[in-house]
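# Notes for the structure review
The residues making up each chain are set out below.
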Amino acid sequence: MVRFKHRYLLCELVSDDPRCRLSLDDRVLSSLVRDTIARVHGTFGAAACSIGFAVRYLNAYTGIVLLRCRKEFYQLVWSALPFITYLENKGHRYPCFFNTLHVGGTIRTCQKFLIQYNRRQLLILLQNCTDEGEREAIQKSVTRSCLLEEEEESGEEAAEAME
């Protein structure tokens, strides 16, 4: 048996219209990416990327999308993403674009990158705060995320010590 290797593309859907993200659906997004690959790379690209392609994670509130594709053809998917200029769902057309944040070999590496990315985004928000109430709310969320990570690490160390 041969194991099929995959690549995971961690992307962010950027749109000015908040309704765009809320109308996200994994089937709509999957068909949109497949259609764009077929338009950009033709029949070969559509056939090569259709095997093993899936939307593995979709967060409609943050616009984060995790796409899985075969290792040999991830560059076809990656190169087709800038050609997505709108999201069409339920008769509405929303202008948007994809920002590729990370390409990884496992879901775990993409999750680790996403944690670091979100932490950087929170720190940028913290620097751009205008009043003290916003600043305190963001500081609480940052310290909570740091405390959870430290608890997970200490939990892993305790589990290793018990073995």
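Residues numbered from 1 in each chain as written. Predicted model: local features only at pLDDT ≥ 70, side-chain atom pairs only at ≥ 80, totals over all residues. Heavy atoms only, no water.

So, on to the overall build of the protein chain. Secondary structure summary: the protein chain contains five helices and six strands in total. Start at the N end of the protein chain and walk to the C end: the helices and strands fall as β-α-α-β-β-α-β-β-β-α-α. When the 163 residues of the protein chain are sorted by exposure, 33% land in the buried category. In the protein chain, 68% of the contacts between residues at least 6 apart in sequence involve partners at least 24 apart. Carbon and sulfur atoms make up 54% of the accessible area of the protein chain, which amounts to about 10,800 Å² in all. (Helix = DSSP H or I, 4+ residues; strand = E, 2+ residues; numbered from the N terminus. Buried < 20%, exposed > 50% of the residue type's maximum accessible area, 1.4 Å probe, protein only. Contact = heavy atoms within 4.5 Å. Areas by Shrake-Rupley, 256 points an atom, 1.4 Å probe, with all protein chains shown as cover.)

Let us look at the sheet that holds strand β6 (residues 97–104). With respect to topology, four strands assemble into an open sheet ordered β2-β3-β1-β6, the strand pairing being antiparallel. Either end of the sheet is taken by a strand with one partner, and the two such strands are β2 (54–59) and β6. Taken pair by pair, the neighbouring strands of this sheet meet at an average axis angle of 25 degrees, ignoring direction. Helix α2 (residues 26–50) rests against β2, β3 (64–70) and β6 of the sheet, and its axis sits at about 130 degrees to β2. Of the strands in this sheet, β1 (6–14), β3 and β6 touch helix α4 (residues 107–127), which is tilted by about 120 degrees from β6. (Pairing = 2+ DSSP bridges. Axes fitted to C-alpha atoms, helices over the stretch in contact; angles between N-to-C directions.)

Take the packing of aromatic side chains next. Enumeration according to the criterion identifies three aromatic pairs in this entry. Aromatic side chains Phe 44 and Phe 73 sit 6.3 Å apart centroid to centroid with 80 degrees between the ring planes, which places their arrangement in the edge-to-face category. Of this pair, Phe 44 sits in helix α2 while Phe 73 sits in the loop between β3 and α3 (74–80), and the two are 29 residues apart along the sequence. Classification of Phe 44 as exposed rests on a relative accessible area of 57%. An angle of 25 degrees between the planes, with centres 6.0 Å apart, marks the rings of Tyr 74 and Trp 78 as stacked. Highlighted residues: Tyr 74 and Trp 78, both in helix α3, separated by four residues, approximately one helical turn. Judged by its relative accessible area of 38%, Trp 78 is partly exposed. Over the ring of Tyr 86 we find Arg 93, and its NZ or CZ is 3.7 Å from the ring centre. (Phe/Tyr/Trp six-rings, centres within 6.5 Å; stacked < 30°, edge-to-face > 60°. Lys NZ or Arg CZ within 6 Å of the ring centre and 35° of its normal.)

Attention now goes to the environment of Thr 100. In this structure, Thr 100 sits in strand β6. Given a relative accessible area of 23%, Thr 100 falls into the partly exposed group. A sequence separation of 19 residues divides Thr 100 from Leu 81, and the C-alpha atoms of the two residues are 8.2 Å apart.

For the rest of this paragraph, the subject is α2. End to end, α2 covers just 15 Å across 25 residues, shorter than the expected 36 Å (1.5 Å per residue, more than 12% under). What α2 keeps buried is the set Leu 29, Ser 30, Leu 32, Val 33, Thr 36, Ile 37, Gly 45, Ala 48 and Cys 49. Summarising the contacts, the buried residues of α2 are in contact with β2, β3, α3, β4 (86–89) and β6. After α2 finishes, the residue Gly 52 shows a positive phi value of roughly 80 degrees. (Expected span 1.5 Å × (residues − 1).)

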